[in-house]
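Given next are the chains, with one letter for each unit.
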Amino acid sequence: MKNDLMRFSVAMPEELLMRFDQLVARRGLAKNRSEVVRDLVRDALIEEECGDPFAEVMGTLTIVYDHHSNDLQEKLHLIQHDFFANIISTLHVHVDAHICLEVIVMRGEADRVQDIANRILGTKGVQNGKLVLTTM
Ligand code: NI
């Protein structure tokens, strides 16, 4: 059955197992070794799937920029309108008097989402950012 749990045993060096148990402990009481192994396997599979340029993915791009920087906000706005079909939502936070943080949520083929992220990250004035991809 698809959701039946199958048991298997894993051998690993004691040192690695100790570090793994510390990771399990950090994830809290709701997680045990099996749950964390399943999470790690799913993470690895998602990462591999997102490497396929045609995979349907969801992406969140987090960027930080100074809104006084030339016509940066206008440029970012134009890019987001150019790709309205892929950009689902944008969260804008005014961090302080100068700095803005945006989280741009996208969906589409992996290479399209990566391309949009590269255009945004490559816009002069964007200080830093990171794209995180996942599949459903
Ligand atoms: Ni702002």
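Check the entry above for the structure.
These figures come from a predicted structure and were not determined experimentally. (Residues numbered from 1 in each chain as written. Predicted model: local features only at pLDDT ≥ 70, side-chain atom pairs only at ≥ 80, totals over all residues. Heavy atoms only, no water.)

A few words on a negative patch on the surface. Taken together, the side chains of Asp43, Glu47, Glu48, Glu49, Asp52, Glu56, Glu109 and Asp111 define an acidic patch exposed on the protein surface. Looking at which element gives the most residues to the negative patch, the answer is helix 2 (residues 33-50), with four residues. Among the residues examined, glutamate 47 registers a relative accessible area of 64% and is labelled exposed. (Patch = residues over 30% accessible without salt bridge, like charges linked within 9 Å, V, L, I, M, F, W, Y side chains within 5 Å. Areas by Shrake-Rupley, 256 points an atom, 1.4 Å probe, with all protein chains shown as cover. Salt bridge = Lys/Arg side-chain N within 4 Å of Asp/Glu carboxyl O. Lys, Arg positive; Asp, Glu negative; His and termini not counted. Charge placed at Lys NZ, Arg CZ, Asp CG, Glu CD. Helix = DSSP H or I, 4+ residues; strand = E, 2+ residues; numbered from the N terminus. Buried < 20%, exposed > 50% of the residue type's maximum accessible area, 1.4 Å probe, protein only.)

Let us now look at the side chain of glutamate 102. Secondary-structure assignment places glutamate 102 in strand 3 (residues 99-109). Of the buried charged residues, glutamate 102 lacks a salt bridge, with lysine 75 as the closest side chain of opposite charge at 15 Å. Aside from chain neighbours lying at most four places away, what touches glutamate 102 is Leu61, Thr62, Ile63, Tyr65, Gln80, Thr90, Leu91 and His92. (Contact = heavy atoms within 4.5 Å.)

A few words now on the side chain of threonine 123. Looking at the element boundaries, threonine 123 is found in the loop between helix 4 (110-121) and strand 4 (126-134). For threonine 123, a relative accessible area of 10% gives the class buried. A polar side-chain atom of threonine 123 sits 2.8 Å from the main-chain carbonyl oxygen of arginine 119. Apart from residues lying up to four places away in sequence, threonine 123 is in contact with Leu72, Lys75, Leu76 and Ile79. (Polar contact = N/O pair within 3.5 Å; in protein donor to acceptor, adjacent residues only side chain to side chain.)

Take the coordination of the nickel ion next. Listed as protein donors to the nickel ion are His92 (NE2), His94 (ND1) and Cys100 (SG); their distances from the metal cover 2.1 to 2.4 Å. Residue classification places histidine 92 among the partly exposed residues on the basis of a relative accessible area of 27%. Classification of cysteine 100 as buried rests on a relative accessible area of 2%. (Donors = N, O, S within 2.8 Å, 3.2 Å for Na, K, Ca; no water.)

On inspection of all chains with the given rule, the structure shows seven salt bridges. Linking arginine 27 and aspartate 39 is a salt bridge whose minimum nitrogen-to-oxygen distance equals 3.9 Å. With a gap of 12 residues between them, arginine 27 in the loop between helix 1 (14-26) and helix 2 and aspartate 39 in helix 2 connect regions that are remote in the sequence. Accessibility expressed as a relative area gives 38% for arginine 27, which makes it partly exposed. The residue arginine 42 makes a salt bridge to aspartate 39 at a minimum N-O spacing of 3.0 Å. Highlighted residues: arginine 42 and aspartate 39, both in helix 2, separated by three residues, approximately one helical turn. Among the residues examined, arginine 42 registers a relative accessible area of 44% and is labelled partly exposed. Connected through shared salt-bridge partners, Arg27, Lys31, Asp39 and Arg42 make up one network.

With that settled, the discussion passes to the sheet that holds strand 2 (residues 87-94). With respect to topology, four strands assemble into an open sheet ordered 2-3-1-4, the strand pairing being antiparallel. On the outer flanks of this sheet lie strand 2 and strand 4, each paired with one strand and no other. Strand-to-strand, the axes of this sheet are offset by a mean angle of 15°, without reference to chain direction. Across 11 bridges, strand 1 (residues 56-66) lies against strand 3 in antiparallel orientation. From the neighbouring strand, leucine 61 faces strand 3, where its bridge partner is isoleucine 104. Its contacts with the sheet place helix 3 (residues 72-82) against strand 1, strand 2, strand 3 and strand 4, and it is angled at close to 170° to strand 1. Packed on one face of the sheet, helix 4 meets strand 1, strand 2, strand 3 and strand 4 and runs near 160° to strand 3. (Pairing = 2+ DSSP bridges. Axes fitted to C-alpha atoms, helices over the stretch in contact; angles between N-to-C directions.)

Honestly, that's just the spatial picture; any functional story needs more than this.
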